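# Structure at a glance
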Protein chains: 2
Amino acid sequence: MANKVLVRQEFKVVGTRPIRHDGTDKVTGRALYGGDFSLPGMLYGKVLRSPHAHARILSIDTSAAEALPGVRGVVTAKDLPRPEEGIADVGEGAVNLRFLSDNILASNKALYKGHAVAAVAAVDAHTAEAALALIKVDYQVLPAVVNVREAMKEGAPILHESLRTDAQGQKGTTPTNIASRIQFAKGTLEQGFAQADVVVEREFETATVHQGYIEPHNATGLWSSDGQVTIWCSTQGAFTVRDLVSQILRYPVSKIKVVPMEIGGGFGGKTVVYLEPLAALLSRKTGKPVKLVMTRTEVFEGTGPTPAASMKVKMGATREGKLTAAEASFAFEAGAYPGSAVGAGCMCAFAPYDIEHGKIDGYDVVVNKPKAAAYRAPGATQTGFAVESVVDELAEKLGLDPIAFRMKNSAREGTRRIDGPIFGVIGALDCLEAARASDHWSSRLEGPNRGRGVASGFWFNIGLQSSCTISVNADGTVNLVEGSADIGGTRASIAMQAAEVLCLRAEEVKPTVADTDSIGYTQVTGGSRTTFATGWAAYEAAHDVLRQMKERVAKIWEANPADVTYEEGVFGVKGDPKMQMAFRELAGKLNHTGGPIVGRATVDPKGQGGAFATHIADVEVDPETGKVKVLRYTTVQDAGKAVHPSYVEGQMQGGAVQGIGWALNEEYFMTPGGTMANTSFLDYRMPTTLDLPMIETVIVEVANPGHPFGVRGVGEVPIVPPPAALANAIRRAVGVRMTRLPMSPGAILKEMGTV
Amino acid sequence: MANKVLVRQEFKVVGTRPIRHDGTDKVTGRALYGGDFSLPGMLYGKVLRSPHAHARILSIDTSAAEALPGVRGVVTAKDLPRPEEGIADVGEGAVNLRFLSDNILASNKALYKGHAVAAVAAVDAHTAEAALALIKVDYQVLPAVVNVREAMKEGAPILHESLRTDAQGQKGTTPTNIASRIQFAKGTLEQGFAQADVVVEREFETATVHQGYIEPHNATGLWSSDGQVTIWCSTQGAFTVRDLVSQILRYPVSKIKVVPMEIGGGFGGKTVVYLEPLAALLSRKTGKPVKLVMTRTEVFEGTGPTPAASMKVKMGATREGKLTAAEASFAFEAGAYPGSAVGAGCMCAFAPYDIEHGKIDGYDVVVNKPKAAAYRAPGATQTGFAVESVVDELAEKLGLDPIAFRMKNSAREGTRRIDGPIFGVIGALDCLEAARASDHWSSRLEGPNRGRGVASGFWFNIGLQSSCTISVNADGTVNLVEGSADIGGTRASIAMQAAEVLCLRAEEVKPTVADTDSIGYTQVTGGSRTTFATGWAAYEAAHDVLRQMKERVAKIWEANPADVTYEEGVFGVKGDPKMQMAFRELAGKLNHTGGPIVGRATVDPKGQGGAFATHIADVEVDPETGKVKVLRYTTVQDAGKAVHPSYVEGQMQGGAVQGIGWALNEEYFMTPGGTMANTSFLDYRMPTTLDLPMIETVIVEVANPGHPFGVRGVGEVPIVPPPAALANAIRRAVGVRMTRLPMSPGAILKEMGTV
C-alpha cells in the first residue's frame, strides 16, 4: 500500500528526497504572500462588478464615489488605453487586445456576473467598499446564455458582434458565439469504422469547475512619478504579468517590475491577470501604492474557471480488441471571451492510443460566464473523461480486461497522434504495465455496489524559455537565482539539478525566485515545464560555473584548462593524481585568485517528453443516497525521471484529488440568469482529506531523451484520468454509465432510476 | 565660476549627465530605507550601553527585564559564540574575532561610553526601552584614557592585556595600548636632510569626527526555524555584512541572506556591523523578526568615527625648491579595538611628491572611545593636513608660489612612493596645472584678514571583486543586477558603462541592487572602487551579452559568428551591408530564436589608478570672534574618466564640505572621564549650505590605463585637502599657523593671542 517508485538510482541528488528549501518558511507561516505585503502610505482598492450576466453599459457615474471622504481615485474602462491606440498590433492583435483589456474593466458590455466595471482606491478597504455602492452604472440588461450548446444555437444571445465563425469553422457573415473551430484528422474515418465490429458513440458533459486555490488573487501596485511601475502579486509567472500588463496598459516592459510573492496555489488560474493592471492604474491615479485582494466570491465570479464542455465521442474496435477508428466533437465554453483550452483537449483526447483513423473537431464558444483560464492539463480532463469512458465501454462490450485492451492499443514510440505529432520515447505502455502489476490491481474488490475502474490520460508538456544564474559562495555552497514561481516544490527540483552537476548536496544550493528586474526572461510556471526547462537552465548554469572553476584551477596550478577534471566534488589534473582540490576549497580561494564566479544560462528547450498516467479507482456507491465513496485509489505515472519523488507523488496525489473533485462534487450552480449560486467553499464542495483514502502512487521512469536527466513534466497529467476512472468504477459498481460531471449523489440516483 | 570639466568627449554615454535611475524614488520619498521596513509580528529591539568609558563587567542580571510584560528576549555577550569555539581561526584570528565580537556585545569589559552590553526585544520600542532600565549591570569602573598621546604613555590605563607592542613595534612583555606599528622608508633620511637648505618640523593634532550620515544605523533580523537568517539593513556592503555576521555568529555565509535597503549616507561608516548580529540573535531567541534603529546619540557614541591623530612631520628642501627629505610619525586613535586607518594614512601622506629620502612611522593605538571606522579616504585627511601644512610652510620660507613649489616636486609616472609602489599614469601634476589655470587662482583676493590657501591630496583607490548580470528585455532594453550598494549615484555610473558597450541610452539599462542570494559576491561600496570595479563587471557582462547576441544573429542569418559586427546599435555581417538588425529588433526575436539572453561577469581588477586633487580656498577670519568664513572654494580632481560628471562633481563637493567640517567645526567634545558631551546635530556642528559658498569643481581627466573607460575612483580624495587648504589660507589671512583641528573660533583666537 506504500507509495512506490519504479526507479533506477543513477544519480546522487536527482531522485532523492531532501527537505524543500522553502519548507520551514511555509509550514511556520513565515513565507510572505501578497496578502502579507504592505507599503507606507498604501491605499486599498476594491472592484465594482456587474450584477448582470449580460448587459450593455450605458453610462458610469463615479462622481458620488469620488466625493466620498477617504476615496482617492476611481478607474473605469475609460482609463485603459483603447486597443487601437499606441503600440498595439492592428487587426487580430487589436481584437485580442480589446478582449484582454475588456476583461480587466468592461467597456461597452458586461459579459458575466462578476465582470469588473470599476475600481476604487481609498484609505481603507471599508471606505473603498462603501464607495462601490456610490458608483451609478446604467445597465441595459440583455438575455444571457450560460451553456455551450445553447450558445451555439441559432438565435442565441450574441456576446460579441465581431465573432462570425460558422459551424464549419469558416468566417461567416452573421455573428455567432463560436470563436473558432479546430480540426484534426488522420486516415480515413469511414474506412476505420467499416473495419470495426463494435462501435460505441456517446455524448458527455462536464461542468464549470474552479481551481480552488486557497489564496485569493491579490496585487499591490506602485506607479512612481518617474513612470517606473512595480507590482507585487501572487502569480505563476512574473514575466507573464509583466507582458500582460505591458500589453493592456500599452506600457514598455522595461518600466514594469513584477515581484512574485509566495503563491498559495495556482493550478493554471494564476497565469493571467485581473487585479494587477488595476493596482497599477489606481496607483498612477492616486500617486500612492494600492493593494487589492479578492474575496472568495470574487475569485469564483471574476476569475477563470475551467471550461464546461459538451462532447460527443465515437470509437470502433474489432472483435479482437483492436481500435480502428475514433471520432470526436468537443465544444468548450470559453466564457466571456475566446480562448478555452479546446485545442489542447483535442490534442490529448486520443493520445494514449494508436488509432489509424481519426477525426477531432473542437469548438471554442463564448458564453456569459467568466473567461475560462487554464486548469491543470487544460482541456485534457474534459476530453479524457469522454474518451476513456468510451474506451471502457468498448472493452466491456468486447469482454476484455480494461488494462489489457488499453495495452493492446497503446501508443508507443513512432505512433502518430491524430493531431499530427509522432511520439518519441514514451511511457504509455509502461504505465499500463505498472498498473497491471500493482498491488491495487491484483487485490480483490468484493461486496455489493462496489466496482473498480481504470482510465489513462495524457499531457504533452511544454518547454519554453527559462533563465538561471548561479554564484559560488566562499563556504562551498552556491546561490541559484531563477524566475520560475514555485507552486509545487520547484525550488527543490531545480536546485537539485544544479547540485547534481556540481556534486553538491541539495541543501548546498540555495534557490531564490527573483523579480523580473533581477533574472532573465522566464516563462510562466505551468504546462509542466518548470522542472524540465528551468531545471535545464540550472543544469547549464551549473556547467557554466564548472567551466569557470576549471579555468581557475588551471590558473592556480598553471595547467591546461582542458586537462582539468571534476569528479565526485574534486578538481584534478589528468595524469597527475596528486593534484586535487575540493569544490569547497576552491570556492574559498576564488576571491584571491581572480574574483568570484557566477554561472548563467538561458534555454528554450524543445525536447519535452509527453507524460502518461493510468489510474485505478475502487468505489462503493450507496444505492439509497447515490453517494460515491472512494475506497482505494492508485495513480501510476511516467515522470521520465522523478527529480524529487516526494513532490512528484505530491503532484500525482494533488492532481488525482482535484480530478476526483471534478468527478464527484464540483460545479458552478448557475441560475438561468447566469448567477453562480454557490460562491463559497461551503457551497462549492471540494474534496477534503476526510472524503478520501490515501492516494497511492507508482512512479514510472521512462527517461525523456530530450532532457539531461530524463525529466518529463509531472504536474498536469494526474488530473486527467480520475473522472473516467471513477465513472468506469461506478459502472461496475451499480451498472449505470455516467456521462455527465459531476457524478453527484443526485445525478447517480437519477441515472439509477431511484428518483 | 561655473563648474568646469576638462574633458574630451570620446564616448556616447560615458561622460554624459542622464537623470539617475533612482532619482525620482529618492526625491519623492518613495525609496525604501531600513526604517521603512516592517514584517508581520515584528518585535522592536533596543540596546543597553555602558555609561562608563572603561569598566569591568562583573555581572549582568537580565531577569527583571525578561519578566517585564511585553519583553520577548534579552541577549548579552553570553549569547555570542566565543571566538575560541567552532570554526574560528586559532591564534591571531581568534584574537581579532574576539575584538569583533566584543564590540557587538561587551563581554568582560566595557571599553567606551556607549559600548553595547545587552539588547532587548519587545513588542514595542517603549517596552524595550523600559526593559533596558531593568537590566542590572555590576560595573567595576576603571580609569579611562581618551587621547592617543596619553594612551601611549607608560602607566596609562590599559585596555587590552593581550596587546604587547612596544614603541619599536616589537612584541614586548608589558601590556600597552599600541596595537601595532607600521613603518615605511626610502633612501637615506639623514642624507636627505643634509641636502636641505630649509627644514620645517611641526606637530599636529586632529579631532575625533563622525561621518554624520543622515540615516542612523538600522537592522531587521529574521532567524527562521530552519536556520535561514535574513537581515535587512542599511549598509555599504551586503556581502560584508554577510561575512561579518557569519564570523561573529560562527554561522555559514550560505545560511545568511542580507538584503540591502536604500542607504541614507555611509561615507565608510557603514562598512562594519553593529546592530545586524543583534537583530539576528534576538530573532533566534524570540522566533520573531526583530528591528533595531539607533538614535543619533547611539550613532555618535556607539559607532565608528574617524580616528583622532597626533602627528609629527619634518620635511626639508633646497633653496631652489626641491624637496629632499620627509619624515613623519603618525599616531592614530583606533578607539576601543585595534584597527585605525593609520596604514592608509601613511601610504597617502607624501604621495603627491617625488621625494628621494623618506621615513614614515605609524602607530595604531587603542583608547577608550568607540572603535574607529572608515571615513572617506580613511587616514589620508589626517596625514594630509600635517604634510600639506609643512609643504606650505616650506614654500613660504623659500618665498615660492605654493602651486609652483608643488609642481616642481610633483609625483609623476615612475615616481616611487615612500611606502613602495611606483606610480603608473597619474594626474598629480595635471591637477596642479589645472588649479593654476583656474579662474579662482587667477582671481584677486583683497581686503584685510583674507587669505588664500592651497593643498593637494591623494587616495590610492581600490579594486576588489564585483559581479554583474545583464538580461535583455524584449523591448530592447536591459536589466542589470549588481551587488554594490548605491551611495553616490553608482546605479547610474555602472548602468552607463553597460549602456556604452551595448550602444543603448543610459535609461535603457535598468539597474537593480540585489541581495546576497541573488547576485555574485561583490565587495563593499567604498575605497572608491564601485564605479571602477563594478563598472568593469558591467562592461564585461555587456560584452557577454553582445557575444551571445552575435551568435544569435549568426544563427538567424546562418552566418559565421566571427563575421557578425555590432556598430552604432546595429548588428551586421562583414562584407554584406544589406544584412542589418538593430539591437531592439533582435531583442524582440530572442524568445523565438533560441531563448532569452543573460550576460554575466565577475571581476577582480588590479588596475585601479590613484586619484589626486588640489583645492584652493579663500577665507576671511573675523579677528574679533575668530570665525572663519569660506569666501570661495575650488576643487580640482583627476577622475580618470568622469562617467557621470554630475555625480563626480557631487562627490568632489560633498567630500570638500566634509573636509571643511573637519577643518573648522567638527569634533567629539570628550569629558576627562570619556563621555562625549555633544551627541546631537545641534551640538555636533556640521557645515550646512548656509555656512558655505558654492563649491566649484574642475574635473581633470587623465585616463587610467587600467580600466576600459579610464575610470579612477572619485569619492575619497576630495575630503583630503580641505583642512590644510584652509589652514594655509588662515595663515595668509591672519598670520597664524594652525596645527590642530578643528580650527574653531576659540582655537584661532587663542593662537592669535587675542584670548
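Everything numeric in this text was worked out from a predicted model, so none of it was measured. (Residues numbered from 1 in each chain as written. Chains lettered and ligands numbered in written order. Predicted model: local features only at pLDDT ≥ 70, side-chain atom pairs only at ≥ 80, totals over all residues. Heavy atoms only, no water.)

## A short note on the sheet that holds strand β5 (residues 109–110) of chain A
Residues and elements named next belong to chain A. One open sheet holds the 3 strands; their spatial order is β5-β3-β7, and the pairing between them is antiparallel. Two strands bound the open sheet, and with one partner strand each, they are β5 and β7 (136–141). Here 2 bridges tie strand β3 (residues 55–61) to β5, and the two strands are oriented antiparallel to one another. Note that in β5 the partner of A55 across the bridge is A110. (Pairing = 2+ DSSP bridges. Helix = DSSP H or I, 4+ residues; strand = E, 2+ residues; numbered from the N terminus.)

## Here we look at the packing of aromatic side chains
Aromatic rings in a pair are described by how distant their centres are and how their planes are angled relative to each other. Residue and element names in this part refer to chain A. Across all of its chains, the model carries 40 aromatic pairs over all chains by this definition. Note on Y566 and F583: the rings are 6.2 Å apart at their centroids and 50° apart in plane angle, and the pair reads as tilted. With Y566 in strand β21 (residues 564–567) and F583 in helix α17 (residues 583–589), the pair connects residues that are 17 residues apart, well separated along the chain. Taking the ring centre of W223 as reference, the NZ or CZ of R284 above it sits at 4.7 Å. (Phe/Tyr/Trp six-rings, centres within 6.5 Å; stacked < 30°, edge-to-face > 60°. Lys NZ or Arg CZ within 6 Å of the ring centre and 35° of its normal.)

## Looking at helix α4 (residues 125–132) of chain A
Residue and element names in this part refer to chain A. Among the residues making up α4, those that are buried are T127, A128, A131 and L132. One face of α4 carries all of its buried residues, which in axial projection span an arc of 145°. Here α4 starts with a cap whose side-chain oxygen sits 3.2 Å from the backbone nitrogen of H126, and that cap is D124. (Buried < 20%, exposed > 50% of the residue type's maximum accessible area, 1.4 Å probe, protein only. Arc of directions from axis to C-beta. Polar contact = N/O pair within 3.5 Å; in protein donor to acceptor, adjacent residues only side chain to side chain.)

## Focus on the domain arrangement of chain A
All names here are of chain A. Structurally, chain A comprises domain 1 (1–9 + 424–461 + 609–755), domain 2 (142–421) and domain 3 (466–603). Just the C-alpha atoms count here: the centres of domain 2 and domain 3 sit 38 Å apart. Contact with domain 2, which involves 16 residues of that partner, is made by 16 residues of domain 3. A combined buried area of about 1,300 Å² lies between domain 2 and domain 3, and 57% of that area is made up of carbon and sulfur atoms. It is Q236, F239 and K257 in domain 2 that bury the most area against domain 3; as a group they hold 44% of the surface buried on that side. Linking domain 2 with domain 3 are 1 salt bridge. As a salt-bridge pair, R491 and E262 come within 2.5 Å of each other at their nearest N and O atoms. Inspection of the region where domain 2 meets domain 3 yields 4 residue pairs in polar contact (both at pLDDT 80 or more). Of all elements in the fold, only α7 (238–249) and β12 (256–260) reach the threshold of two or more residues within the side of domain 2 that touches domain 3. Split into classes, the residues belonging to the side of domain 2 that touches domain 3 amount to 7 nonpolar, 5 polar and 4 charged. (Domains from an automatic or database assignment. Contact = heavy atoms within 4.5 Å. Buried area = accessible area lost by both parts, 1.4 Å probe. Salt bridge = Lys/Arg side-chain N within 4 Å of Asp/Glu carboxyl O. Nonpolar A, V, L, I, M, F, W, Y, C, P; charged D, E, K, R; others polar.)

## Examining the relation of the copies chain B and chain A
Note on the copies: chain B fits chain A at an RMSD of 0.0 Å, the axial shift is 0.0 Å, and the rotation between them is 180°. Considering both components of the superposition, the chain copies are consistent with a two-fold axis. Residue B:R600 of chain B places its C-alpha closer to the rotation axis than any other residue of that unit, at 3.3 Å. A high fraction, 100%, of the interface residues of chain B reappear at the interface in chain A, so the copies pair face to face through one surface. (Least-squares fit on C-alpha atoms with pLDDT ≥ 70 in both.)

## Details of the sheet that holds strand β18 (residues 466–472) of chain A
Residues and elements named next belong to chain A. Taken together, 4 strands build an open sheet; the order of strands is β20-β19-β18-β24 and the sheet is mixed. The strands lining the two open edges of the sheet, one partner per strand, are β20 (509–513) and β24 (598–603). With strand direction ignored, the average angle separating the axes of adjacent strands in the sheet is 20°. Each of β18, β19 (478–482) and β24 touches helix α16 (residues 530–557); the most contacted strand, β24, lies at about 145° to it. (Axes fitted to C-alpha atoms, helices over the stretch in contact; angles between N-to-C directions.)

## Brief notes about the interface of chain B and chain A
With 55 residues of chain B at the contact, the number on the chain A side is 55 residues. Both faces combined, the contact of chain B with chain A buries some 4,200 Å², and carbon together with sulfur accounts for 48% of it. In this structure, the connection of chain B to chain A is made through 4 salt bridges. With its nearest N and O atoms 2.8 Å apart, the salt bridge here joins B:D544 to A:R600. Linking chain B with chain A are 28 residue pairs in polar contact (both at pLDDT 80 or more). Of all the secondary structure elements, the ones that give two or more residues to the side of chain B that touches chain A are α1 (23–27), β12 (256–260), β18 (466–472), β19 (478–482), β20 (509–513), α16 (530–557) and β24 (598–603) of chain B. In terms of residue count, the dominant contributor to the side of chain B that touches chain A is β24(B) (5 residues). Grouping the amino acids of the side of chain B that touches chain A by side-chain chemistry returns 15 nonpolar, 26 polar and 14 charged.

## Topic: the packing of helix α18 (residues 645–664) of chain B against helix α19 (residues 722–734) of chain B
Residues and elements named next belong to chain B. It is the contact of α18 with α19, at a shortest axis distance of 8 Å, that shows an interaxial angle of 55°. When the interaxial angle is binned, α18 and α19 end up oblique. Pair α18 / α19 crosses with right-handed handedness. Touching A656, G659, I660, W662, A663 and L664 of α18 are P722, P723, L726 and I730, all from α19. (Parallel < 35°, antiparallel > 145°, perpendicular 65-115°, else oblique. Left-handed = near helix turned anticlockwise from the far one by under 90°.)

## Observations regarding the packing of helix α7 (residues 238–249) of chain B against helix α8 (residues 276–286) of chain B
Residue and element names in this part refer to chain B. One way to put it is that α7 packs onto α8 with a least axis distance of 9 Å and a crossing angle of 55°. By the criterion of interaxial angle, the relationship of α7 to α8 is oblique. Crossing of α7 against α8: the hand is right-handed. The segment α7 lies against α8, with V241, V245, I248 and L249 engaging E276, P277, A280 and L281.

## As for empty space enclosed by the protein
Residue and element names in this part refer to chain A. Applying the stated rule across the entire model yields 14 cavities of 30 Å³ or more. Computed from the structure, the largest cavity encloses a volume of approximately 70 Å³. V47, R49, N103, I104, Y112, A116, Y274, L275, L278, M294 and G302 together form the lining of the largest cavity. The set of elements that each furnish at least two residues to the lining of the largest cavity consists of β2 (43–49) and α3 (92–104). Partitioned by chemical class, the residues of the lining of the largest cavity number 8 nonpolar, 2 polar and 1 charged. (1 Å grid on protein atoms, 1.4 Å probe; cavity = no way out; pocket = protein on both sides within 12 Å on 5 of 7 lines; lining within 4 Å. Points joined across faces, edges and corners; volume = space filled by probe spheres on them.)

## Observations concerning the environment of B:T689
Relative to the assigned elements, B:T689 resides in the loop between α18 and β27 (695–700). Taking C-alpha positions, B:T689 is 49 Å from B:R547, a pair spaced 142 residues apart along the chain.

## Comments concerning the nonpolar core
If you look at the biggest cluster of nonpolar residues, it comprises 58 residues, and the most contacted ones within it are B:M315, B:F330, B:F350, B:L726, B:I730 and B:M743. A domain split of this core shows at least three residues from each of domain 1 (1–9 + 424–461 + 609–755) and domain 2 (142–421) of chain B. (Core = buried A, V, L, I, M, F, W, Y, C linked by side-chain atoms within 4.5 Å.)

## Observations regarding the environment of B:L249
Residues and elements named next belong to chain B. In this structure, L249 sits in helix α7. Taking C-alpha positions, L249 is 6.4 Å from L80, a pair spaced 169 residues apart along the chain. Look past the residues within four positions of L249 in its chain and what remains in contact with it is L80, P81, W223, P277, A280 and L281.

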